[in-house]
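# Summary of structural features
What follows is the residue order along each chain.
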Amino acid sequence: MDLNSLQESYLKGLRQMTGGGQTRKKMAEAPIERPGLGSKAKKQSTGKEYAYYSRGDQLKSAFDVSNKAVLASFFFWLLLMYGLYTLGGYLVMGLRVMWNDADLQGDCQTHFSVNREENLHSVMDYPKGDAGPYIARFASDRGISEDYPADSKSLPPLVTAVSSPQFFLLQAFIQHVHQGMAGEHKDIKLIVYDVGLYKREKEILQQYCACEVRTMEYSLYPDHVADTSNFAWRPILIQSLLEEFGAVMYVDVSTRFKTSNSLNMVRSRGHNHFLLWDTAAFTSTTAYTNKQTFHFLNESRCLFSDVGLVDSQVMVFYRTNHTWHSLMKPWLKCALNADCLAPRWSHHDGCLHYRRPKTTGCHRYDLSALSIILNRGQQLTAAGHANHYTPPRFVYVSEEEAVLFPEQPWTNGQLALLVGVPCLLAALVARKQVHRCLSASILKER
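The numbers attached to residues start from 1 for each chain and follow its sequence in the written order. Side-chain atom pairs in this predicted model are given and counted only at pLDDT of 80 or more, local residue features only at pLDDT of at least 70, and totals for whole chains, interfaces and linings cover all residues. For side-chain calculations, the full set of non-hydrogen atoms in the structure is used, while hydrogens and water are omitted.

## Description of the side chain of S254
Only runs of H or I of at least four residues qualify as helices and only runs of E of at least two qualify as strands under DSSP, and these elements are numbered from the N terminus. With respect to the helices and strands, S254 occurs in the loop between β6 (247–251) and β7 (255–257). Contact criterion: two residues are considered in contact whenever any of their non-hydrogen atoms come within 4.5 Å of each other. Aside from chain neighbours lying at most four places away, what touches S254 is L169, Q313, Y396, V397, S398 and E399.

Below, the structure written as structure tokens:
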């Protein structure tokens, strides 16, 4: 058999094995289908069809989800991570405070002395730490200030402090004072301290408020005083005003007076050196004070479990020798030392309230220090020990805001709208451009 006959015989057998030429022709002309890869058939001018693959279709086939599902998935994971972070924070805080609660177990081995002078001596002996040079600047420490007259009928200046988030709450407070109190009390003087206002807010306040606007000079004090969240500035400005006016009535911007006659209670000092109240609902000093504050002041925490926390809604101080040595100087000692006023791990929110009267993990900064000082020296809010007269409460709390001034700063909603609308438009334009580029890419592939 020659070579040609052998080749012809081989090809004939091959055609029989593959089902003949018709099958091969059908296979050649059929488009290649690969599920999940987005294959399509395209007929050329030659009449034949070729398989091509769209990159966008491949991705859609591999990840068959809508844009809404992607967005929902993003927010789900975002919320999940935030929840885990918050839960982890509470877990760590809970373990830390429970680990440090050993000194609150069982009966307390220390007690307030029955001798008032011994208690006051303990307060006066609180350590100065780094506060010495700053305290020496006050005239009261140099013994050159006089006691405020006991028979004075002058109304102490009304003082408050405000930051930017409280700007509209401040306007409601100013409205309350001028419309509800100024008619009865012609000598009322309102001083507002700027402890975190924006420049524009301060300008509006100076222009339209019938009050004196002052700014806290943080550069004159330790660095931690500039952190307004720890309230180290409050005892500093109170003492500064005591030396200037002889008496001060400090109020929060959420404070409202019950009647127009409420201020008559503070016109005459009498035998009082100060007027302070604990919170309306009992709040344990131990529960809301960092352990390191007690340690700095050489106090036992268990001694203050039944001691109420002092309220900041209204605080009245008169300049006397007793006020300086038993209250203001010890308070300033703590306020000017970060390890006393704002120790490590201190925070105001995120409390484990269910652990009261044991430690909740939260700290009240200057009010925690003030509560320890007052109750060590005079048991002002200690259950069964109070020996200091406190008049009835003449204020209440209101979170009502107001728009009092003719000009107003931009609100957070307006700023969000101002920034958000251009960003949204830019996102829509970018989305359209991306869609256009993808379409061009697909057409190019075809």
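That covers the picture; the talk isn't over yet.
## As for the state of the cysteines
Here, the term disulfide refers to a pair of cysteine sulfur atoms separated by no more than 2.5 Å. Per the stated rule, a full pass over the model turns up three disulfides. In this model C351 forms its disulfide with C362; the gap between the sulfur atoms is 2.0 Å. Between C351 and C362, the S-S torsion sits near -105°, and that sign places the bridge as left-handed. You can see C351 sitting in the loop between α12 (338–341) and α13 (366–378) and its partner C362 sitting in the loop between α12 and α13, a full eleven residues away along the chain. Taken as a pair, C351 and C362 share a single burial class, namely buried. A 1.4 Å probe rolled over the protein chains alone gives each residue an accessible area, and that area as a share of the maximum for its type sets the label: buried under 20%, exposed over 50%, partly exposed in between.

## Some points on the side chain of T285
Within the fold, T285 resides in the loop between β8 (274–275) and α10 (291–296). Polar contacts here mean pairs of N or O atoms no more than 3.5 Å apart (in protein, one a potential hydrogen donor and the other a potential acceptor; neighbouring residues in sequence count only if both atoms are side-chain atoms). Here G308 takes part through its backbone oxygen, which lies 3.3 Å from a polar atom of the side chain of T285. Not counting the four nearest positions on each side in its chain, T285 is found in contact with F294, F304, V307, G308, L309, S368, S371 and I372.

## Structural notes on helix α9 (residues 233–245)
The length a helix should cover is 1.5 Å for every residue beyond the first. With 13 residues, α9 ought to run about 18 Å at 1.5 Å a step, and its terminal C-alpha atoms sit 18 Å apart, in line with that. Listing the buried residues of α9 in full gives W233, R234, P235, I236, L237, I238, Q239, L241 and L242. Just downstream of α9, G246 is the residue with a positive phi angle, here 90°.

## Side note on the nonpolar core
Buried residues of nine kinds, namely Ala, Val, Leu, Ile, Met, Phe, Trp, Tyr and Cys, make up a nonpolar core once their side-chain atoms join them within 4.5 Å. Counting 55 residues, the largest nonpolar core has W233, L237, I238, F317, L327 and W331 as its most contacted members. Formed by 36 residues, the second largest nonpolar core is a distinct cluster that contains M249, V314, V395 and F405.

## Quick word on a nonpolar patch on the surface
A contiguous nonpolar patch, built from F76, W77, L80, M81 and L84 and spanning about 540 Å² of accessible area, is present on the exposed surface. Secondary-structure assignment places W77 in helix α4 (residues 67–99). Only residues whose relative accessible area exceeds 30% and that take part in no salt bridge are eligible for patches, with like-charged residues grouped when within 9 Å of each other and nonpolar side chains (Val, Leu, Ile, Met, Phe, Trp, Tyr) grouped when within 5 Å. Calculation of accessible area relied on Shrake-Rupley with a 1.4 Å probe; when residues are assessed, cover is drawn exclusively from the protein chains displayed. Salt bridges are defined as contacts in which a side-chain nitrogen from Lys or Arg sits within 4 Å of a carboxyl oxygen from Asp or Glu.

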